[in-house]
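Remarks on the overall topology
Now for the letters of each chain:
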Amino acid sequence: MDKKQSRLRRAARARAKIRELGAYRLCIYRSPRHMYAQIIAPGGGPVVVSASTVVKVLRESIEGHTGNIAAATVVGRAIAERARSAGVEKVAFDRSGFRYHGRLKALADAARENGLQF
């Protein structure tokens, strides 16, 4: 089993539990260069809101590299603001099998500070 398969196996277990809860899901993906976050409706429905370092508006507000903790904080702040404007207050955090530290932790903390509840 390679690294990606192991991560997806961990993610499947968490996603099954979130599906049971029937909650909105804050799904995170990170690559070495970018951070992506989206809120998905319960039951695997449509994407309600999204934010990433690929979007030009957010990329311009980030100084330097887009794959660091500062960039993750900007994405977390943006996803929380967009979620509140869409009427989503409470979500379940789907870390997609990644370890909860570094950029993931920074994104989650920024989202919490800006009004999103996990």
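Heads up: these notes are all about the structure in this document. Being a predicted model, the structure only gives us computed values, none of them experimental. (Residues numbered from 1 in each chain as written. Predicted model: local features only at pLDDT ≥ 70, side-chain atom pairs only at ≥ 80, totals over all residues. Heavy atoms only, no water.)

Side note on the nonpolar core
Where a protein is soluble and globular, its nonpolar side chains tend to be buried together. Ranked by size, the top nonpolar core spans 27 residues in total, and within it Leu26, Ile28, Ile39, Ile79 and Leu116 carry the most contacts. When contributions to this core are tallied by element, the ones reaching two or more residues are β1 (24-30), β2 (35-40), β3 (47-52), α3 (69-85), β4 (91-94) and α4 (103-113). Broken down by element, this core gets its largest block of residues, eight residues, from α3. Beyond its immediate stretch of four places on either side in the chain, Leu26 contacts Ala37, Gln38, Ile39, Ile79, Val91, Ala92, Phe93, Asp94, Leu116 and Phe118. (Core = buried A, V, L, I, M, F, W, Y, C linked by side-chain atoms within 4.5 Å. Buried < 20%, exposed > 50% of the residue type's maximum accessible area, 1.4 Å probe, protein only. Helix = DSSP H or I, 4+ residues; strand = E, 2+ residues; numbered from the N terminus. Contact = heavy atoms within 4.5 Å.)

Notes on the packing of aromatic side chains
One pass over the structure, following the stated rule, counts four aromatic pairs. The interplanar angle of 85 degrees and the centroid separation of 6.0 Å between the aromatic rings of Phe93 and Tyr100 together place this pair among those described as edge-to-face. Among the aromatic side chains, those forming a connected cluster through ring pairs are Tyr29, Tyr36 and Phe98. (Phe/Tyr/Trp six-rings, centres within 6.5 Å; stacked < 30°, edge-to-face > 60°.)

Section: the side chain of Asp94
Position of Asp94 among the secondary structure elements: in strand β4. Relative accessible area serves as the criterion here: at 0%, Asp94 is assigned to the buried category. Within the structure, the side chain of Asp94 is placed 3.0 Å from the backbone nitrogen of Ser96, a separation counted as a polar contact. Apart from the residues lying within four places of it in its own chain, the contact partners of Asp94 are Arg15, Ile18, Arg25, Leu26, Cys27 and Ile28. (Polar contact = N/O pair within 3.5 Å; in protein donor to acceptor, adjacent residues only side chain to side chain.)

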